[in-house]
Amino acid sequence: MRWTIGFLYLATLAVQAQPASQTESVTVTGARSRQVLDQFVQSFAAPARMTGKLARWEDGVCPVTVGLAPKFTAFVTQHVKEIATKIGAPVNARDRCKPNIEIVFTTAPQKLLDNVRKRQPTYLGYADSSAQMDELAKVTHPIQSWYTTATKDLRGNVQVDSSKVVGAGIAVDVPCDLCASGRMTLNYAASAGAVTGSRLGDGMRSTLYHVIVVANPNQLGNYEIGALADYIAMLSLTQLSALDTCQQLPSIVNLLAPGCSNPVQSLTENDLGYLRGLYKMGAERTARSQQNEIAYQMQQTQDGK
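Source: prediction; values computed, not measured.

### Overview of the nonpolar core
Nonpolar side chains tend to gather and get buried jointly when the protein is soluble and globular.
Right, so step 1: If you look at the biggest cluster of nonpolar residues, it comprises 55 residues, and the most contacted ones within it are Ile 143, Leu 237 and Tyr 274.
Right, so step 2: Looking at this core, the elements with two or more residues in it are helix H2 (22-44), helix H3 (70-87), strand E2 (101-105), strand E3 (143-152), strand E7 (205-215), helix H6 (225-237), helix H7 (269-280) and helix H8 (287-302).
Right, so step 3: Sorting elements by how many residues they give to this core places H6 first, with nine residues.
Right, so step 4: Excluding residues that lie within four positions of it along the chain, Ile 143 makes contacts with Val 213, Val 214, Ala 215, Leu 220, Leu 228, Tyr 231, Ile 232, Leu 235, Leu 243 and Leu 256.
Right, so step 5: Grouped together as the second largest cluster of nonpolar side chains are nine residues, Met 133, Ala 137, Trp 146 and Val 214 included.

### A word on the state of the cysteines
Right, so step 1: Inspection of the entire model under this criterion finds two disulfides.
Right, so step 2: Shown here is the disulfide that connects Cys 62 with Cys 97, its sulfur atoms set 1.9 Å apart. Around the S-S axis, the bridge from Cys 62 to Cys 97 shows a dihedral of about 85 degrees and counts as right-handed. Separated by 35 residues along the polypeptide, Cys 62 in the loop between H2 and strand E1 (63-66) and Cys 97 in the loop between H3 and E2 bring together distant segments of the chain.

### Quick word on the pattern of salt bridges
Pairing between side chains of opposite charge can happen when their charged atoms approach one another.
Right, so step 1: As enumerated under the stated definition, the model contains seven salt bridges in all.
Right, so step 2: In this structure, Arg 34 and Asp 38 form a salt bridge, with 3.0 Å as the shortest nitrogen-oxygen distance. Linking Arg 34 with Asp 38, this pair stays in helix H2, spanning four residues, or about one helical turn.
Right, so step 3: Taking the shortest distance from any N to any O, the salt bridge between Arg 117 and Asp 134 comes out at 2.9 Å. In this pair, Arg 117 sits in helix H4 (residues 109-119) while Asp 134 sits in helix H5 (residues 130-136), placing the two residues 17 residues apart along the sequence.
Right, so step 4: Taking relative accessible area as the criterion, Asp 134 reaches 39% and is therefore assigned partly exposed.
Right, so step 5: Through salt bridges with shared partners, a single network forms among Glu 58, Lys 152 and Arg 205.

### So, the pairing of E1
Right, so step 1: Burial along E1 is one-sided: Pro 63 and Thr 65 are buried, while Val 64 and Val 66, pointing the other way, are not.
Right, so step 2: Here E1 runs beside E2; their pairing, made up of four bridges, is parallel. The partner of Val 66 across the bridge, within E2, is Val 104.
Right, so step 3: As a crossover connection, the stretch from E1 through H3 into E2 is left-handed.

### Thoughts on H8
Right, so step 1: In a regular helix each residue adds 1.5 Å, so 16 residues correspond to 22 Å; H8 covers 23 Å between its end C-alpha atoms and thus fits that length.
Right, so step 2: Where H8 is concerned, the buried positions are Ser 289, Gln 290, Gln 291, Ile 294, Ala 295, Gln 297, Met 298, Gln 299, Gln 300 and Thr 301.
Right, so step 3: One or two steps after H8, the chain reaches Gly 304, where phi turns positive at roughly 75 degrees.

### Structural notes on the confidence of the model for the protein chain
Right, so step 1: With 76% of its residues at a pLDDT of 70 or more, the protein chain shows a mean pLDDT of 82.
Right, so step 2: Within the model, pLDDT remains below 50 along residues 6-31, and this stretch shows 23 contacts once partners closer than five positions in the same chain are excluded.
Right, so step 3: Here residues 185-195 is modelled with pLDDT under 50, and outside its nearest four sequence neighbours on either side it reaches 30 contacts, counting other chains as well.

### A word on the sheet that holds E1
Right, so step 1: One open sheet holds the five strands; their spatial order is E1-E2-E7-E3-E4, and the pairing between them is mixed. If you trace the sheet from one side to the other, it starts and ends with E1 and strand E4 (158-160), each paired once. Adjacent strand axes in the sheet meet at a mean angle of 20 degrees, parallel and antiparallel pairs treated alike.
Right, so step 2: Of the strand pairs in this sheet, E2 and E7 are connected by five bridges, and their pairing is parallel. If you follow Val 104 over to E7, its bridge partner there is Val 214.
Right, so step 3: Sheet strands touched by H3: E1 and E2. Its angle to E1, the strand with the most contacts, is close to 155 degrees.

About the thresholds
- Residues numbered from 1 in each chain as written.
- Predicted model: local features only at pLDDT ≥ 70, side-chain atom pairs only at ≥ 80, totals over all residues.
- Heavy atoms only, no water.
- Core = buried A, V, L, I, M, F, W, Y, C linked by side-chain atoms within 4.5 Å.
- Buried < 20%, exposed > 50% of the residue type's maximum accessible area, 1.4 Å probe, protein only.
- Helix = DSSP H or I, 4+ residues; strand = E, 2+ residues; numbered from the N terminus.
- Contact = heavy atoms within 4.5 Å.
- Disulfide = S-S within 2.5 Å.
- Salt bridge = Lys/Arg side-chain N within 4 Å of Asp/Glu carboxyl O.
- Pairing = 2+ DSSP bridges.
- Right-handed = clockwise from strand over helix to strand, strands pointing away.
- Expected span 1.5 Å × (residues − 1).
- pLDDT = per-residue confidence, 0-100.
- Axes fitted to C-alpha atoms, helices over the stretch in contact; angles between N-to-C directions.

Printed below as a string of structure tokens:
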């Protein structure tokens, strides 16, 4: 769709030396391609704080969009569902499901986040202190997202990730050269969970629990709604590492990253390959194994498989 946010906002008063042989060419190109994919994945994904693994939706996504005219909010909401279905993410098919992805178009994003900080700070994500929570609540991009993750153990028990100690937490004795006794006790905000003894994966996995995406129409007037919907879908379905880095491969994430030359205007095969890999990978695997699985899936997508 080619409407721009500027139009929508006004209309609604809303808020890459030739090789010596053919065989050598194929070998070198393939090696370079996989190396680039590995680098892309490693710079793209943000691991969950509690497990260090990549989080994805396990419950069906239920997006809701507000702040634009009804037909446009419906378009953005439906687009997120369509992309989720396309890449293999679960979608809640009920008409009146409980929203777990909230997409808000507002000209006062900081006021909104101040309110979230006050009333629902868990929705800002994991923070070790009140000062870190204050930093999380700062709006610094025209479109920005906040993620609440959860940890699920081998038996399916789920706990929302938080720095708050549940009960007495877990007490761990560690060496301390500066302590009189030579040791000190640290209390960690963690709880017991059923795990395996495998080196490939411990049975613990990270899931997305709730996502907030906030967009400021005043800063998005020259962008088409289709491009913005793709960008929002990406933010809604995976937790990204950084929004200010120009990715080495074409990606919708470059749309709003400063200094990127000729950014694409829609989800690319790199983006879709990444998302497919994310939702096919072993959720209980180590983070490194997960990244390798995603890079493999991206390579399969490039090869048309």
